Amino acid sequence: SQQGEEDPQALSIQEGENATMNCSYKTSINNLQWYRQNSGRGLVHLILIRSNEREKHSGRLRVTLDTSKKSSSLLITASRAADTASYFCATVNSGSARQLTFGSGTQLTVLP
Amino acid sequence: GAGVSQTPSNKVTEKGKYVELRCDPISGHTALYWYRQSLGQGPEFLIYFQGTGAADDSGLPNDRFFAVRPEGSVSTLKIQRTERGDSAVYLCASSPIAGVGDTQYFGPGTRLTVL
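Residues numbered from 1 in each chain as written. Chains lettered and ligands numbered in written order. Predicted model: local features only at pLDDT ≥ 70, side-chain atom pairs only at ≥ 80, totals over all residues. Heavy atoms only, no water.

(A) Focus on the pairing of strand 8 (residues 75-79) of chain B. All names here are of chain B. Taken across its five residues, strand 8 has four buried, putting it largely inside the fold. With five bridges joining them, strand 3 (residues 19-24) and strand 8 adopt antiparallel strand pairing. By the bridge assignment for strand 8, Arg22 is matched with Thr76. (Buried < 20%, exposed > 50% of the residue type's maximum accessible area, 1.4 Å probe, protein only. Helix = DSSP H or I, 4+ residues; strand = E, 2+ residues; numbered from the N terminus. Pairing = 2+ DSSP bridges.)

Spelled out as structure tokens, the structure:
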């Protein structure tokens, strides 16, 4: 089953603008990860934030995590046409589970 | 190549047939995961292996689905008596160990179409 929802489902912006995607989840987590997927095939890991962290940066990516609201956001700054893809958040739940539980994804289109 | 590979990339079969999907993980990775992704959705967990044993198969939808990893490396996902609802992209991922903070490295997937 899906962990939660991502918002928006689709986002279209101009090159150079920032893109923000939000993710909500339902259960207690160990960590939250963001993945990127091109053309409905292989997923690429972008960034991981642990449950005791609030913010993390990696290049043009900034991720925040609010465990009290069970939500996370992914900010891509200075977007490029090559950033066009689907973006998914995924959680590893607290406890013994090791698998990822994915959200429904945001389709980002960056127009040149 | 150094990444996760999956074969075949595409598989078309008829309802009721048996299919096998193969995953070659990154060399040395002991944890291997199978996910299924339907159109417009995020991947959904099926099963994961730690070494040769299935550590968690709670995501397998029914007993038509089975997976093996006999030597702790290559894994095969087996689907019996396929149904049209089994059509999806089947993704495999591996990680060095099944640690909670480990990055999972995904293969390109196998697109299964059941006619």
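Here the narrative resumes.
(B) Spatial organisation of the sheet that holds strand 1 (residues 5-7) of chain B. All names here are of chain B. On the basis of which strands lie adjacent, the open sheet formed by four strands has the order 1-3-8-7 and antiparallel pairing. The outermost strands of the open sheet, each flanked by one partner alone, are strand 1 and strand 7 (65-68). Ignoring which end each strand starts from, the neighbouring axes of this sheet average 15° apart. (Axes fitted to C-alpha atoms, helices over the stretch in contact; angles between N-to-C directions.)

(C) View of the interface of chain B and chain A. Each partner contributes residues to the interface: chain B has 29 residues there, and chain A has 23 residues. Together chain B and chain A conceal approximately 1900 Å² of surface at their shared face, both sides included; 48% is due to carbon and sulfur atoms. Summed over the shared surface of chain B and chain A, the number is zero salt bridges. Here chain B and chain A share four residue pairs in polar contact (both at pLDDT 80 or more) between them. Listing elements by their share of the side of chain B that touches chain A, those giving two or more residues are strand 4 (31-37), strand 5 (44-50), strand 9 (88-95) and strand 11 (110-114) of chain B. (Contact = heavy atoms within 4.5 Å. Buried area = accessible area lost by both parts, 1.4 Å probe. Salt bridge = Lys/Arg side-chain N within 4 Å of Asp/Glu carboxyl O. Polar contact = N/O pair within 3.5 Å; in protein donor to acceptor, adjacent residues only side chain to side chain.)

(D) Examining the sheet that holds strand 1 (residues 6-7) of chain A more closely. Residue and element names in this part refer to chain A. Taken in spatial order, the five strands of this open sheet run 1-3-8-7-6, and their pairing is antiparallel. Lying at the two open borders of the sheet, with one neighbouring strand each, are strand 1 and strand 6 (55-58). Relative to strand 8 (residues 71-76), strand 7 (residues 61-66) is paired through six bridges, and the arrangement is antiparallel. Counted as the bridge partner of Arg62 is Leu75 from strand 8.

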